[in-house]
Amino acid sequence: MAEHVRRVLRLWQLYATMDLLYLARGPQVAITFYVSDFVTGVAAVTATFLLAERFDGIGPWTRAQILFLLGYSLLVRALIDIFFNYNLAFISRRIGRGQLDHVLIQPQPLWMALLTEGFAPVTGSGMLLPGLGLLIWSGRELQLAVSPAWWGLFAANVLASIAIVLAFEYTWGSLAFWAPRAAEEINSDSWRLLTQLAPFPLDGLAGLALVSLVTIVPVGLVAWYPSRALLGIDSPVWAAELALTLSAVAFAALAVWLFTRGLRHYGHTGSTRYLDYGHRR
Amino acid sequence: MSAGVIGDSPLFVLEYALRVLRVLVLLSLWRMILEGRPSSGGMPLGSVLTYTLISEVFAQQLQLRTTLRDAFWEGTLVIRFLRPMGLVRQLSAEMLGRWAIHFALFSLPLLAVTPLLGVDPRPASPTAAALFGLSLTLAVAVGLALDVFFGALTVALEQPVWVIDYLRGAVGTLLSGSLLPLAYYPWGLGDAFSWLPFAAMAWAPLAIFTGTGDATVLLASQVVWAVALWPIADWLWRANREKLVGYGG
């Protein structure tokens, strides 16, 4: 166990260095990547922010609570960008393009490669600052009385949200094992499904629509539901926390089951995307 | 050929699911905000709901994208130069074919279920309907010019295709009013944004459809942007043609 942890840390250090070197090629590359991520992230939450500013809140959410929701949403996205970059969160591309072989031939377990290879603390951090900024800003406006227990819940919720997003991506991405060409870009759509709608409060929805958005397409579990729990909009808090944790476990179990089944199929067929002389079909 | 888009990638259903969910979320959001606030300014609730729905029905026209970025990514520009037809005409033809498919499979069914969503999809008046047609045509002209402009900019700056594309998509959605009506932006931002070319792509036709803005001013701004943008886009494209070799041209 300790050896595994040491190795993960060593690999993170290695990939962080490589990520820094990639950006150090020149100021144009660095500025383009960083500004692009920054602007894309800020734009993604600006619509909700403008509405909250215009109407001094949205429904049961005050303006400051909306800021927290947006900050939380950006933080989840930023952490996925930092830890699962280079198409690790878009696994259908790796599988569909036959690039999983590049990981399988490495002398280390697959889970370790998937956990470390996408570490991009420099190029992937464009959304981190606006996310943290919004959280700090909202925290001051809300005058949150944060205790160590609250921080523990916050960390647990962020982890659960990240696990749900990744599980959703891997569940859909696993289809690329069976349909490499048709499903190669499926994670772009599944990613958009979750991230475009995550910064919106879903309180106005009811019935089937709301149930769908916390189960089939778990948009509500990315930021809305955990933020409600952390801000005390939902009560009792422990019930919301339990529901979120169980959801994360259920989504992760489904993703692991489907991914391992796909991997077994891949073991028999391999990639069909490359011709003998190396060109992609 | 355009039907091949669906045949090649049957996962277009996911994209449709996203669009339906987006409409549902936005409609619920507006109801949550505006119900019980009759004097909230901007637009009445009914008009905002119509605006949101029509924005999704005509999403492909109001947030226009040709296959230029795909040609960059796949390195197939050189093949297009060999064809006996101008590049913009080729891109437009492909775009129109795709529009026809998605309009039939998504937009028309969405219009058909509007009573279930509690939204009146009709334009503000017959005149508004006629002017919307004209405005939509101008919006397409502006959108096409911007697509060529950003394509040329990608080449000029020698940047990865998707970096510029994501940036344009994110900023464009905000500035064009395709997601939220500009009338509801705070601090006078909507008024400022309405003078930008992105607003000529979505805000202008949708404001005309819902009878929100002065149609003459909105149409005039669209004409100005269409006339101004095409020479700029054409010049930038020609100025950077030689660099296209890096993108498969």
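Counting from 1, residues in each chain are numbered in the order their sequence is written. Chains and ligands are labelled sequentially in the order written, the chains with letters from A and the ligands with numbers from 1. The predicted origin of the model limits local features to residues at a pLDDT of at least 70 and limits the giving and counting of side-chain atom pairs to 80 or more, whereas totals for whole chains, interfaces and linings rest on all residues. Heavy atoms from the whole structure form the basis of all side-chain values; hydrogens and water molecules are not counted.

Undergrad: Account for the interface of chain B and chain A, naming residues and giving values.
TA: A common way to report how large an interface is uses the accessible area buried once the components associate. Between chain B and chain A, the contact holds 40 residues from the first and 38 residues from the second. A simple way to read buried area is as the amount of 1.4 Å-probe accessible surface that goes missing from two parts once joined, with both sides added. Note on chain B versus chain A: buried area summed over both sides is about 3400 Å², and carbon and sulfur give 77% of it. The largest per-residue losses of area from chain B upon contact with chain A belong to Leu14, Val25 and Met32 of chain B, which jointly make up 17% of the total buried on that side. A carboxyl oxygen of Asp or Glu within 4 Å of a side-chain nitrogen of Lys or Arg is what we treat as a salt bridge. Inspection of the chain B/chain A interface yields 0 salt bridges. Pairs of N or O atoms are called polar contacts if they sit within 3.5 Å, as long as, within protein, a hydrogen donor faces a hydrogen acceptor (for residues adjacent in sequence, only side-chain-to-side-chain pairs). In this structure, the connection of chain B to chain A is made through 1 residue pair in polar contact (both at pLDDT 80 or more). A run of DSSP states H or I qualifies as a helix once it reaches four residues; a run of E qualifies as a strand once it reaches two. Both are numbered from the N-terminal end. Of all the elements in the fold, those that place two or more residues in the side of chain B that touches chain A are helix H2 (12-34) and helix H10 (161-176) of chain B. Top element by residues in the side of chain B that touches chain A is H2 of chain B. It accounts for 15 residues. By the convention used here, residues are in contact when the closest approach between their heavy atoms is within 4.5 Å.

Undergrad: Before we move on, can you summarise helix H14 (residues 215-239) of chain B with the specific residues and values?
TA: Residues and elements named next belong to chain B. For a helix, the expected span equals 1.5 Å multiplied by the residue count minus one. Compared with an ideal rise of 1.5 Å per residue, which puts 25 residues at 36 Å, H14 spans 36 Å between its outermost C-alpha atoms and is within 8% of the ideal. Where H14 is concerned, the buried positions are Ala215, Leu218, Leu219, Ser221, Gln222, Ala226, Leu229, Ala233, Leu236 and Trp237. Looking at the buried positions of H14, the neighbouring elements they touch are helix H5 (68-74), helix H6 (77-82), helix H7 (87-112), helix H9 (126-156), helix H12 (197-201) and helix H13 (203-209). Between the side-chain oxygen of the N-cap and the backbone nitrogen of Thr216 there are 3.1 Å, and the N-cap of H14 in question is Asp214. Each residue is placed in one exposure class: buried if its accessible area under a 1.4 Å probe, protein chains only, is under 20% of its type's maximum, exposed if it is over 50%, and partly exposed if it falls in between.

Undergrad: Account for the nonpolar core, naming residues and giving values.
TA: The term nonpolar core refers to a set of buried residues drawn from Ala, Val, Leu, Ile, Met, Phe, Trp, Tyr and Cys, joined through side-chain atoms within 4.5 Å. Counting 139 residues, the largest nonpolar core has Tyr72, Ile80 and Phe154 of chain A together with Trp30 of chain B as its most contacted members. A per-element tally of this core places H2 of chain B first, with 14 residues. When residues no more than four places from it in sequence are discounted, the contact partners of Ile80 of chain A are Asn85, Ala89, Ile162, Val165, Leu166 and Trp191 of chain A. Within the second largest apolar cluster, 14 residues are counted, among which are Leu68, Ala152, Val161 and Trp237 of chain B.

Undergrad: Which residues make up the environment of Gly126 of chain A, and what values go with them?
TA: Residue and element names in this part refer to chain A. Inspection of the secondary structure puts Gly126 in the loop between helix H6 (110-116) and helix H7 (128-142). The sequence separation of Gly126 and Val42 amounts to 84 residues, and the corresponding C-alpha distance is 9.6 Å. Ignoring anything within four residues of it in the chain, the contact list for Gly126 reads Tyr34, Asp37 and Phe38.

Undergrad: So what about the packing of aromatic side chains? Which residues, and what values?
TA: Residues and elements named next belong to chain B. Between the rings of Phe, Tyr and Trp (Trp by its six-membered ring), a pair exists once the centres lie within 6.5 Å; its type follows the angle of the planes, with under 30 degrees stacked, over 60 edge-to-face, and the other angles tilted. One pass over the full model with this rule turns up 32 aromatic pairs over all chains. Ring geometry for Phe58 versus Phe103: centroids 5.7 Å apart, planes at 40 degrees, classification tilted. A residue pair is termed long-range when its members are at least 10 positions apart, and Phe58 in the loop between helix H3 (45-57) and helix H4 (59-62) and Phe103 in helix H7 qualify at 45 residues. Judged by its relative accessible area of 15%, Phe58 falls in the buried class. Using a relative accessible area of 24% as the deciding quantity, one classes Phe103 as partly exposed.

Undergrad: I'd like a rundown of the packing of helix H3 (residues 63-83) of chain A against helix H12 (residues 224-231) of chain A, residues and numbers included.
TA: Residue and element names in this part refer to chain A. What counts as an axis is a line fitted to C-alpha atoms, over the stretch in contact for a helix, and the angles between N-to-C directions run from 0 to 180 degrees. Where H3 meets H12, the axes come as close as 10 Å, and the angle between the chain directions of the two elements is 130 degrees. The pairing of H3 with H12 is recorded here as oblique in orientation. In the crossing of H3 with H12, the sense of the turn from one axis to the other is right-handed. Touching Gln65, Phe68, Leu69 and Tyr72 of H3 are Trp224, Pro226, Ser227, Leu230 and Leu231, all from H12. Among the residues forming the contact of H3 with H12, the class breakdown is 7 nonpolar, 2 polar and no charged. Roughly parallel means an angle under 35 degrees; roughly antiparallel means over 145; roughly perpendicular covers 65 to 115; every other angle is labelled oblique. Note on convention: near helix rotated counterclockwise from far helix by under a right angle means a left-handed crossing. Clockwise means right-handed. Amino acids are sorted into nonpolar (Ala, Val, Leu, Ile, Met, Phe, Trp, Tyr, Cys and Pro), charged (Asp, Glu, Lys and Arg) and polar (every other residue, Gly among them).

Undergrad: Help me get a handle on the side chain of Glu117 of chain A, residues and values and all.
TA: All names here are of chain A. The topology assignment puts Glu117 in the loop between H6 and H7. For Glu117, a relative accessible area of 13% translates into the label buried. Reaching out from Glu117, the side chain makes a polar contact with the side chain of Arg94 at a distance of 2.5 Å. In this structure Glu117 touches Tyr15, Tyr86, Leu88, Arg94, Val103 and Gln106, once residues within four positions along its chain are discounted.

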